[in-house]
Amino acid sequence: MKKLLFTAVVLLMGTGCAEGNNSDNNSTNNSTNNSSNNTTNNSTNNCNDNCTADQSYCEGNQVMVCETSTSGCMEWAVSRNCETDSLICDIVDGTALCAEHCTDQCTDGQTLCDENTILTCETQANGCLNYTAGTDCSDSSRTCSDTDGSAQCECSGECTSDSCNETVVEICTEDEYGCFHLETGDDCSLSGMICNLTDGVAECALNCTSECTATQQRCNSDTIQNCILQSNGCYSFVDAEDCSDTQRVCSETAQTAMCDCSGECSSDSCNGTNIENCVQDSYGCFHLESGTDCNLSGMICTVSDGEAVCELDCTSECTIGEERCNGNTAQDCVLQSSGCYSFTDMENCSDGGRLCNDTSGTAICECQSECVSSTQQCQSNVIENCTADSWGCYFWTTGTNCSLTSQICTTSGTSASCEDPSGPVTLISEDFSSWVPAGWSIYDGGTTADTWQQCDGCDVVSNFTISTDQVAYVNSDVAGMYEDCLEYLITPLVSTLGYTTVTLEFDHYFHIYEGSTAAVDISVNGGSTWTEFTTWTSDTYNVHETLNISSLTANQSQVQIRFRYEASWEWYWMIDNVTVTAQ
């Protein structure tokens, strides 16, 4: 279509040789077009090209062509004057040339669209038919259409109803050509409204929906709300009164709300030791108000016949002069500030290792003396003296250390002394007739609570034929599957200072299943560290062991021996008649 328009323009230029007007118009049009087309192409040559190579047009009867000028730019130049040869300038297939007569480019009266412009085929000044630009449909917001062979301006993008462009009203209006277009109307936001489209009609409307009607009330929790006309033109609920501020609740009936009494009291009450009085407020409601704190006068709050009063907070637990033992503390009965009698601590008998005794009706602290006045004993190789403390109770206190003079502590009756060593002497002699023997200790290890115990007639002791009466006994079988035993039976601490030969003797019965261990360990530093002396890993029945342990224990001040049993769901080990002698 653009090519037809260009050809038509060129033809008009070519046929205007006699008049000169078309030549002027074509010269302007082509120079403009050529200038526009060549500006980009030659911008890099600093030229203002007026045309493009191979372009041509008719200026009067002169053939004008586009060629390179002496400046190097594309310029229009006269190629030929057709009048010289009694010819006329004509456009043939888009090229200007000299011809005997011009060529019609269309049919008289024919119309077509060049984009949005109507072109009409008319006789030009040179006597030939060519297209002339006519009505521009876009000037009337229409579009050019030639689908039926005849070009005409038709309505386009017509509306069928009003519209809302956000808050702006757009009215569907018919123009002078019978076309319907949207025209901008009111901006509803300027009046605090919105654009509303209903049944094809757009208009400004209130930006809200009333949630209630005038005079309507309701309860929002405990707050009364009234229905009020708002600035936006709609009705909505607004807080009026919070009933909870006056200890009331909001209640509504139909469309009316009011504050009603709630949780009213009918009598006084006690809140702990505080009196709370039932009083009527200004709204006629009865509520509890805080009154006297009875605790300030050492009393309690009680309610009688609906009235709360302060009373003594006590009931006497004893009578004056009464005494008792509370645990190990002596107490007597004393009048308290509350006006009642109760027990009060007099003395803690635990001070000094004493015990409280109230069997006679009087609570007294009695001594639990360890010894008798003026007696002595040997503890390891140290003389201990029986001495009274500040409460008159007797306890053993450390005296002379015989080791400092390379002697041994010996006792004679109730006296102890440091003597030069002689032998043999028995340092330990135990038949386990009592449990746990004095000075002995037990360590319970492994994953079970089963450990060393006294076997006095237990089911396996009949196997231990060389034992006498009670024995020391540990059994991993009773511990059960997946339980581990690591059990120590430890002797008292003894001194072998001055002795070169130390012998350990005992009877035992050791029964295994697959892999248990029985062992004797020695310590010479009071149990801080231990050395394994010997072990048994197979069945050992009814054996009297005699072990010379002098290599570890001779001339030592802190000797201990332990019997170690390690097993996991095995059998047992029994021990009896343990003796340690030295010489």
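Please refer to the structure placed before this passage.
Every value quoted in this text rests on a predicted model; they were computed, and no experiment measured them.

Observations concerning the side chain of serine 342
And then number 1: When you line up the elements, serine 342 lands in strand β28 (residues 341–348).
And then number 2: On the basis of relative accessible area, serine 342 is assigned to the buried category, the value being 18%.
And then number 3: For serine 342, the side chain forms a polar contact with the side chain of glutamine 336, separated by 3.1 Å.

Side note on unusual backbone geometry
In most cases, non-glycine residues show a negative phi, while peptide bonds are predominantly trans.
And then number 1: Here tryptophan 435 and valine 436 are connected by a cis peptide whose omega angle stands at -10°.
And then number 2: In this fold, valine 436 is placed in the loop between β36 (425–430) and β37 (441–444).
And then number 3: Notably, aspartate 199 is not glycine yet its phi reads approximately 55°, a positive angle.
And then number 4: Mapped onto the elements of the fold, aspartate 199 is located in the loop between β14 (193–198) and β15 (201–206).
And then number 5: Positive phi, normally seen in glycine, also occurs at alanine 254, with a value near 55°.

Considerations on the layout of surface pockets
And then number 1: Its boundaries defined by the atoms lining it, the largest pocket holds a volume of some 470 Å³.
And then number 2: For the largest pocket, the lining is made up of 16 residues, of which Cys378, Ser380, Leu427, Leu493 and Val494 are closest to its centre.
And then number 3: Elements represented by at least two residues in the lining of the largest pocket include exactly β31 (376–379), β34 (408–412) and β36.
And then number 4: The residue makeup of the lining of the largest pocket, split by class, is nine nonpolar, seven polar and no charged.

A few points about the environment of cysteine 455
And then number 1: Following the sequence through the fold, cysteine 455 ends up in strand β38 (residues 453–455).
And then number 2: Accessibility expressed as a relative area gives 1% for cysteine 455, which makes it buried.
And then number 3: Sequence separation between cysteine 455 and serine 433 is 22 residues; the distance between their C-alpha atoms is 9.7 Å.
And then number 4: In contact with cysteine 455, other than residues within four places in its own chain, are Val461, Asp469, Gln470, Val471 and Tyr473.

Considering the sheet that holds strand β2 (residues 62–68)
And then number 1: Sheet architecture is open: three strands sit in the order β1-β2-β3, paired in antiparallel fashion. The open sheet is flanked by β1 (56–59) and β3 (74–81), the only strands paired with a single partner. Across the sheet, the mean angle separating the axes of adjacent strands is 35° when strand polarity is ignored.
And then number 2: Two strands pair when backbone bridges link them, and β2 and β3 are joined in this way by seven bridges, in the antiparallel orientation.

About the cut-offs
- Residues numbered from 1 in each chain as written.
- Predicted model: local features only at pLDDT ≥ 70, side-chain atom pairs only at ≥ 80, totals over all residues.
- Heavy atoms only, no water.
- Helix = DSSP H or I, 4+ residues; strand = E, 2+ residues; numbered from the N terminus.
- Buried < 20%, exposed > 50% of the residue type's maximum accessible area, 1.4 Å probe, protein only.
- Polar contact = N/O pair within 3.5 Å; in protein donor to acceptor, adjacent residues only side chain to side chain.
- 1 Å grid on protein atoms, 1.4 Å probe; cavity = no way out; pocket = protein on both sides within 12 Å on 5 of 7 lines; lining within 4 Å.
- Points joined across faces, edges and corners; volume = space filled by probe spheres on them.
- Nonpolar A, V, L, I, M, F, W, Y, C, P; charged D, E, K, R; others polar.
- Contact = heavy atoms within 4.5 Å.
- Pairing = 2+ DSSP bridges.
- Axes fitted to C-alpha atoms, helices over the stretch in contact; angles between N-to-C directions.

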